[in-house]
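A look at the structure
Below, each chain spelled out in residue letters.
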Amino acid sequence: MIDTLAEPTLVAPAQIPLGAGPGRRFEGRDYGAAVSYFYVDNQPGKGSGVHWHPYPETWVVLEGDATFQVGDEQIVATAGDTVTGPAFVPHKFTNTGTGTMRLIGIHASAVIIQTDL
């Protein structure tokens, strides 16, 4: 179990490590939060490789179009859509639109645990 802060915390973008490109990786344990997330900013054709987590993941598409492969299911999503994936199921996403795709990948864990396939 994670210890949570007694006071709210503001975390500025500059405090969150950059991922590949302009994305960010927020691990909740570093800030007293029980969830983690990736902020993803991809151009057309870009996305993640196939991987899985030992907990569920929820994606919120903020901008653009994304295609998710979750297990055997393909899901096409656009800005405003939310997609969920169960624990231990391999998944990936790709920007299948013509412009920038931005999404948040919410991890039901204070630390991000990922197995790449």
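Everything discussed here concerns the structure shown above.
I will try to describe carefully the structure that is included in this document. Keep in mind the model is a prediction, meaning the values are calculated, not measured. (Residues numbered from 1 in each chain as written. Predicted model: local features only at pLDDT ≥ 70, side-chain atom pairs only at ≥ 80, totals over all residues. Heavy atoms only, no water.)

On to the overall build of the protein chain. Summing up its helical and strand segments, the protein chain has zero helices and 10 strands in all. The dimensions of the protein chain, computed from C-alpha atoms along their principal axes, are 40 × 30 × 25 Å. For the protein chain, the residues scored as buried account for 32% of the 117 residues in total. The long-range fraction of contacts in the protein chain, counting pairs at least 24 apart against all pairs at least 6 apart in sequence, stands at 69%. (Helix = DSSP H or I, 4+ residues; strand = E, 2+ residues; numbered from the N terminus. Buried < 20%, exposed > 50% of the residue type's maximum accessible area, 1.4 Å probe, protein only. Contact = heavy atoms within 4.5 Å.)

This part covers the pairing of strand β4 (residues 57-63). In this structure, β4 lies alongside strand β7 (residues 82-85), joined through four bridges in antiparallel fashion. Bridging across to β7, W59 finds its partner in V83. Both β4 and strand β9 (residues 101-107) contribute to a ladder of six bridges, which runs antiparallel. Considered in β9, the bridge of W59 is made with G105. (Pairing = 2+ DSSP bridges.)

Of note, E27 is situated in the loop between β1 (24-26) and β2 (36-42). Taking relative accessible area as the criterion, E27 reaches 14% and is therefore assigned buried. Setting aside residues no more than four positions away along its own chain, E27 makes contact with S36, A110, V111 and I112.

Turning to the pattern of salt bridges, a few remarks are in order. Under the defined criterion, the tally for this structure stands at four salt bridges. The residue R29 makes a salt bridge to D30 at a minimum N-O spacing of 3.6 Å. When sorted by exposure, R29 lands in the same class as D30, which is exposed. Residues D41 and R102 are paired through a salt bridge, measuring 3.0 Å at the closest nitrogen-oxygen approach. With D41 in strand β2 and R102 in strand β9, this pair connects stretches of sequence that are 61 residues apart. (Salt bridge = Lys/Arg side-chain N within 4 Å of Asp/Glu carboxyl O.)

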